Amino acid sequence: MNIVCVICSDLLVPSDDVFHTPCRHIFHFACVTQWLEGNFKFSLCTSKTCPQCREKTTLNKIHRIYFNFANSDNISEDTCSLQDKIDKLNFQLMMKEKDNKHYTEKINTVEKQNNELKKEVRKVESEISAKNSAIYALKEQIKYFQEQNLEAVGRKKEMCFEQLQKKIENYKNIQILLEASAEDVDQMISSTSNPNTLITYISVMKREMTIGLNKRRELRAKVRSLQQELTKVSMERNFLSEEHAKV
């Protein structure tokens, strides 16, 4: 004899907690409790009624019953019920296999994307490493050029200082040359062995001679002008003297 709980559609076995309502219908204790409390997921009734005949009942009116027949080994399910369960299980298995295939394909796709991303990461890391090496080489070159620049600036400053010292010495010698007597000038020229210094002395002397010649020309021109004015004044004076004598 097969006894089924109409709430969950499972067989009632002696090991289950089986309760009956006042109308003598039997159910699993958990099923009828959830039904009467309104928590059963398939319950469409909100009143305290029997799930089978809809007679009014409450939790206080249900009682436990015990089976006196043999255990579940002697209970056989009908072929339709078993086939239905097998079909349901096969359908669930097919859905699980389908889901498994879908997620397997998804995992493969994700793994491919992950491998591609790893390749991109390795490529970017390689490029970063190459750029870091180039940056390090450029920094070393910049450091070398800065050192060379500092050395060049130092040498340039030394050369400028030496040139300024030479110019100062030349200017001092030129000043002495301009202010000294002829004997001192001859002595300075004879004691100088540097051709550039001699050329400078000669250039200065030539410039001074040119300036002296120009001054002489100017003075001569002024003397001529003054002589002409003097002659003119003398002639006017003589003319005035003759007029005065006549008068």
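First, a word on what this report is: a plain description of the structure on this page. (Residues numbered from 1 in each chain as written. Predicted model: local features only at pLDDT ≥ 70, side-chain atom pairs only at ≥ 80, totals over all residues. Heavy atoms only, no water.)

What follows is about the overall build of the protein chain. The number of helices and strands found in the protein chain is 4 helices and 3 strands. Within the protein chain, the fraction of its 247 residues that count as buried is 15%. Summarising the internal contacts of the protein chain: among those between residues at least 6 apart in sequence, 49% fall at separations of at least 24. When the accessible surface of the protein chain is summed, it comes to about 20,700 Å², and 55% of that surface belongs to carbon and sulfur atoms. (Helix = DSSP H or I, 4+ residues; strand = E, 2+ residues; numbered from the N terminus. Buried < 20%, exposed > 50% of the residue type's maximum accessible area, 1.4 Å probe, protein only. Contact = heavy atoms within 4.5 Å. Areas by Shrake-Rupley, 256 points an atom, 1.4 Å probe, with all protein chains shown as cover.)

Let's shift gears to the sheet that holds strand E1 (residues 18–20). Strands sit in the order E2-E1-E3 across an open sheet of 3 strands; the sheet is antiparallel. Strand pairing shows two members of the sheet lacking a second neighbour, strand E2 (26–28) and strand E3 (63–65), which therefore form its edges. Across the sheet, the mean angle from the axis of one strand to that of its neighbour is 45°, orientation sign disregarded. Bridge count between E1 and E2: 3 bridges; the pairing is antiparallel. Residue pairing for E2: valine 18 is matched across the bridge by histidine 28. Against the sheet, helix H1 (residues 29–37) makes contact with E1 and E2, and its axis sits at roughly 95° relative to E2, the strand it touches most. (Pairing = 2+ DSSP bridges. Axes fitted to C-alpha atoms, helices over the stretch in contact; angles between N-to-C directions.)

Let us look at a nonpolar patch on the surface. Side chains of Phe91, Met94 and Met95 sit close together on the surface and give an oily, nonpolar patch of about 290 Å² of accessible area. Accessibility expressed as a relative area gives 46% for methionine 94, which makes it partly exposed. (Patch = residues over 30% accessible without salt bridge, like charges linked within 9 Å, V, L, I, M, F, W, Y side chains within 5 Å. Salt bridge = Lys/Arg side-chain N within 4 Å of Asp/Glu carboxyl O.)

Attention now moves to the nonpolar core. Membership of the largest hydrophobic core comes to 16 residues, with the highest contact counts inside it found for Cys5, Ile7, Leu12, Ile26, Phe27, Val32 and Phe67. For this core, the secondary-structure elements that each account for two or more residues are E1, E2 and H1. The element that contributes the greatest number of residues to this core is H1, accounting for 4 residues. (Core = buried A, V, L, I, M, F, W, Y, C linked by side-chain atoms within 4.5 Å.)

Here we come to the packing of aromatic side chains. All chains considered together, the criterion is met by 2 aromatic pairs. Their ring planes at 40° and their centres at 4.4 Å tell us that phenylalanine 19 and phenylalanine 29 sit as a pair that is tilted. Residue phenylalanine 19 is found in strand E1, and its partner phenylalanine 29 is found in helix H1; the two are separated by 10 residues along the sequence. Judged by its relative accessible area of 16%, phenylalanine 19 falls in the buried class. (Phe/Tyr/Trp six-rings, centres within 6.5 Å; stacked < 30°, edge-to-face > 60°.)

What follows concerns unusual backbone geometry. Generally, phi is negative for residues other than glycine and the peptide bonds are trans, each holding for most cases. Here the phi dihedral of arginine 24 falls at roughly 75°; this positive angle occurs in a residue that is not glycine. By relative accessible area, which is 63% here, arginine 24 ends up exposed. Backbone geometry places arginine 54, a non-glycine residue, at a positive phi of 65°. Note that arginine 54 resides in the loop between H1 and E3. A relative accessible area of 45% means that arginine 54 is categorised as partly exposed.

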